[in-house]
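Residues per chain are reported as follows:
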Amino acid sequence: MTTDHATLTIDGPVARLALNRPEQRNALSVELLDGLHARVEELEAAPGVKVTVVTGAGRAFCAGMDLKQVVIAESGDPELPHRLLSSLGRLTLRLRALPSVVVARVNGAAIGGGCGLACVCDIAVTHGDAKLGFPEVDLGLCPAVVAPVLVRKIGPGQARRVLLSGGVMDGHHAHTLGIVDEVSDSRESLDETTDAIVGRLAAGGADALAATKSLVNRLDGSLDASVVERGARLSADVLATAEAQAILAARLEK
Amino acid sequence: MIECLTRDSICEITLNRPEKRNALTPEMLAELASHAEALARSEAHAAVVAAEGPAFCAGFDLSYCRGPEGPRVMRAFLADLSRTIVAFRAAPMPIVMTVQGPALAGGCALLGGADVVVASRNATFGYPVVRLGVSPAVSAPFLRQSVGDGPCRARLLDPGPIDAERAHDLGLVHELCEDAAQAEAKADAIARALWAKPRGGIAATKRWLNEFTDPGDTAAAALDVSTSLTDGDETRAMLEAFFQTRDP
């Protein structure tokens, strides 16, 4: 069950969903997001899945938005960034709504929207050398789609500091802040750490896991679609400003 | 007693009453509130709030709350404190606070307006005001956002302070430094890094964070709770007892 940009394999109670665009460090394009939506739709219909592991093919987890699709002069389509952001927003809602527990196996760089994708998973695991963070403000952007996700994960006070400061951090620091829940010392030991968590989760009752996840969603407002829509609009509006477009175009040149 | 100057597009606001541990007089707090409100119209890319001397801020100078005008002064203190916190949050640029010593009562409440808190190890944090018959409720909507509901409850009800390391663990402090000089240097470095970023993205991000984490009516309700006690017999008696022990 594969498409070009997102792959899904199901092995008993454990599903594995991979971003599969390694040559672009799994950057989020409309096509990649379409692929993820299609695979999540399959998951929604798959019986008996208790744990879904999300990971990136190759060395990166997800480098964030595809630069080629957010530089309007490059794509020639001023509405494309909003479609992209809106699609990411809807994906965050769908991952939260899945009855299985979603585990991010952050195998490498998780940047911007990519870090948001890791945070919207119920549990995130990485290794000490991975780079994670939200450098949107460094590029004149506003991480409005992922901000509510980060606020729910680490609280408003820490999220404020992280999002306004920009930059990236290593896996250990991300663990200290609560952006990831477990960290392995090295890339090599990431699978061991992930497998241990997946094994524990898969030993749980499917209904108990789903009911618990659903309750936590209700408590923290995870399924609030209006905040996602407003976030996508705001993020796209800031992205379209001359200041942001100039910085992104310069980035693309490099 | 409040200094405010903007240098290289960084606004520096300094509490400058070190001989009284930067305890806020009514005039000083009103001035601080005005500076905080003026940030809405400022072109600065970041603001740093710091304090002179060994203490960050000991809260309200309660000597102004003696006598028949006491309750009225206390109400003005509380209203201006709330106004200051709300104005710092609404400011379009990030607010960095440098806590180089004790930040107590109203001094701790000020941190509710910070986006980044840098502290030195000798700093302490807390609300020792229930002992005076005063409620620190005015802080609650902001404190719970930085430390979560459980620790917020404990800190507002227990008049004992916590040290900087604990405050860092709880998330009230973001950067922990060895001493005041290092804290000052760290805050300066953070402000400079913020200064170098495009302003539009930062302002939009802060506005968005404010929008969907808006404490809403609870900020006004919290002020009402603190204010409602000021005319009560308990506050009057406990404050009078405090003045007697301090100044018999």
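Residues numbered from 1 in each chain as written. Chains lettered and ligands numbered in written order. Predicted model: local features only at pLDDT ≥ 70, side-chain atom pairs only at ≥ 80, totals over all residues.

Section: the overall build of chain B
(1) Moving on: For chain B, the count of helices and strands is 10 helices and nine strands.
(2) Moving on: Here the C-alpha atoms of chain B give a radius of gyration of 17 Å, agreeing with the 18 Å that 2.2 N^0.38 yields for 248 residues.
(3) Moving on: In terms of its C-alpha atoms, chain B occupies a principal-axis envelope of roughly 55 × 35 × 35 Å.
(4) Moving on: For chain B, with 248 residues in total, the buried portion stands at 53%.
(5) Moving on: Pairs at least 24 apart in sequence give 78% of the contacts found in chain B among residues at least 6 apart. (Helix = DSSP H or I, 4+ residues; strand = E, 2+ residues; numbered from the N terminus. Rg over C-alpha atoms; globule rule 2.2 N^0.38 Å. Buried ≥ 20, exposed ≤ 12 C-beta atoms within 10 Å, placed from the backbone. Contact = placed C-beta atoms within 7 Å.)

Some remarks on the overall build of chain A
(1) Moving on: When helices and strands are tallied, chain A shows 12 helices and nine strands.
(2) Moving on: In terms of overall dimensions, chain A is globule-like: its C-alpha atoms have a radius of gyration of 17 Å, near the 18 Å expected for 254 residues.
(3) Moving on: The principal-axis extents of the C-alpha atoms in chain A amount to approximately 50 × 35 × 35 Å.
(4) Moving on: Excluding contacts between residues fewer than 6 apart, the proportion of contacts in chain A whose partners are at least 24 apart in sequence is 77%.

Quick look at the interface of chain A and chain B
(1) Moving on: In this assembly, 29 residues from chain A lie in contact with 20 residues from chain B.
(2) Moving on: For the side of chain A that touches chain B, the secondary-structure elements that each account for two or more residues are helix H6 (147-154), helix H7 (156-165), helix H11 (225-239) and helix H12 (242-253) of chain A.
(3) Moving on: With eight residues, H7(A) is the largest single contributor of residues to the side of chain A that touches chain B.
(4) Moving on: Tallied by class, residues from the side of chain A that touches chain B come to 17 nonpolar, seven polar and five charged. (Nonpolar A, V, L, I, M, F, W, Y, C, P; charged D, E, K, R; others polar.)

A short note on the environment of A:Gly171
Residue and element names in this part refer to chain A.
(1) Moving on: Within the element layout of this structure, Gly171 appears in helix H8 (residues 171-177).
(2) Moving on: For Gly171, a count of 27 C-beta atoms within 10 Å puts it in the buried group.
(3) Moving on: Separated by 63 residues in sequence, Gly171 and Gly108 have C-alpha atoms that sit 9.2 Å apart.
(4) Moving on: Among residues more than four places away in sequence, those in contact with Gly171 are Thr126, His127, Gly128, Asp129, Ala130, Leu132, Val180 and Val183.

What about the pairing of strand S4 (residues 101-106) of chain A?
Residue and element names in this part refer to chain A.
(1) Moving on: Counting buried residues along S4, six of its six residues qualify, which places the element largely inside the surrounding structure.
(2) Moving on: Burial of S4 is two-sided: the residues Val101, Val103 and Arg105 facing one way and the residues Val102, Ala104 and Val106 facing the other way are all buried.
(3) Moving on: Alignment of strand S3 (residues 51-56) against S4, held across five bridges, turns out to be parallel. What sits directly across from Thr55, in S4, is Arg105.
(4) Moving on: When S4 meets strand S6 (residues 123-127), the two strands line up parallel, connected through four bridges. (Pairing = 2+ DSSP bridges.)

Thoughts on the pairing of S6(A)
Regular strands place side chains that alternate from one sheet face to the opposite one.
Residue and element names in this part refer to chain A.
(1) Moving on: Most of S6 sits out of view: four of its five residues are buried.
(2) Moving on: As judged from the three bridges shared by S6 and strand S9 (residues 182-184), these two strands associate in the parallel manner. Bridge pairing links His127 to Ser184 in S9.

Considerations on the environment of B:Met97
Residue and element names in this part refer to chain B.
(1) Moving on: Position of Met97 among the secondary structure elements: in strand S4 (residues 95-99).
(2) Moving on: Along the sequence, Met97 and Ala185 sit 88 residues apart, while their C-alpha atoms lie 12 Å from each other.
(3) Moving on: Contact partners of Met97, with chain neighbours within four places excluded, come to Val49, Leu111, Ala114 and Val117.

As for H6(A)
(1) Moving on: With six of eight residues buried, H6(A) is to be regarded as a mostly interior element.
(2) Moving on: Where the residues of H6(A) are buried, they touch helix H4 (80-97), helix H5 (113-120), H7 and H11 of chain A together with helix H8 (199-212) of chain B.

Some words on unusual backbone geometry
Negative phi is the rule for most residues except glycine; trans is the rule for most peptide bonds.
Residue and element names in this part refer to chain B.
(1) Moving on: Positive phi, close to 50°, is recorded for Arg21, a residue that is not glycine.
(2) Moving on: You will see that Ala105, though not glycine, has its phi angle at about 50°, which is positive.
(3) Moving on: With respect to the helices, strands and loops of the structure, Ala105 is situated in the loop between strand S5 (103-104) and helix H3 (106-109).

Focus: the sheet that holds strand S8 (residues 162-163) of chain B
Residue and element names in this part refer to chain B.
(1) Moving on: Strand order in the open sheet formed by three strands is S5-S7-S8, and the pairing between neighbours is mixed. Only two strands of the sheet have a single partner each, and these edge strands are S5 and S8.
(2) Moving on: For S5 and strand S7 (residues 124-126), the ladder comprises two bridges, and the chain directions are parallel. Counted as the bridge partner of Ala103 is Phe125 from S7.

What about the packing of H11(A) against H8(B)?
(1) Moving on: Closest axis-to-axis distance for the H11(A)/H8(B) pair is 11 Å, and the angle between their directions is 165°. For the element pair H11(A) / H8(B), the angle class is roughly antiparallel. The chirality of how H11(A) crosses H8(B) is right-handed. Residue-level inspection shows A:Val227, A:Leu234 and A:Val238 of H11(A) in contact with H8(B), the latter providing B:Gly200, B:Gly201, B:Ala204, B:Trp208 and B:Phe212.
(2) Moving on: Of the residues belonging to the contact of H11(A) with H8(B), the class tally is six nonpolar, two polar and no charged. (Axes fitted to C-alpha atoms, helices over the stretch in contact; angles between N-to-C directions. Parallel < 35°, antiparallel > 145°, perpendicular 65-115°, else oblique. Left-handed = near helix turned anticlockwise from the far one by under 90°.)

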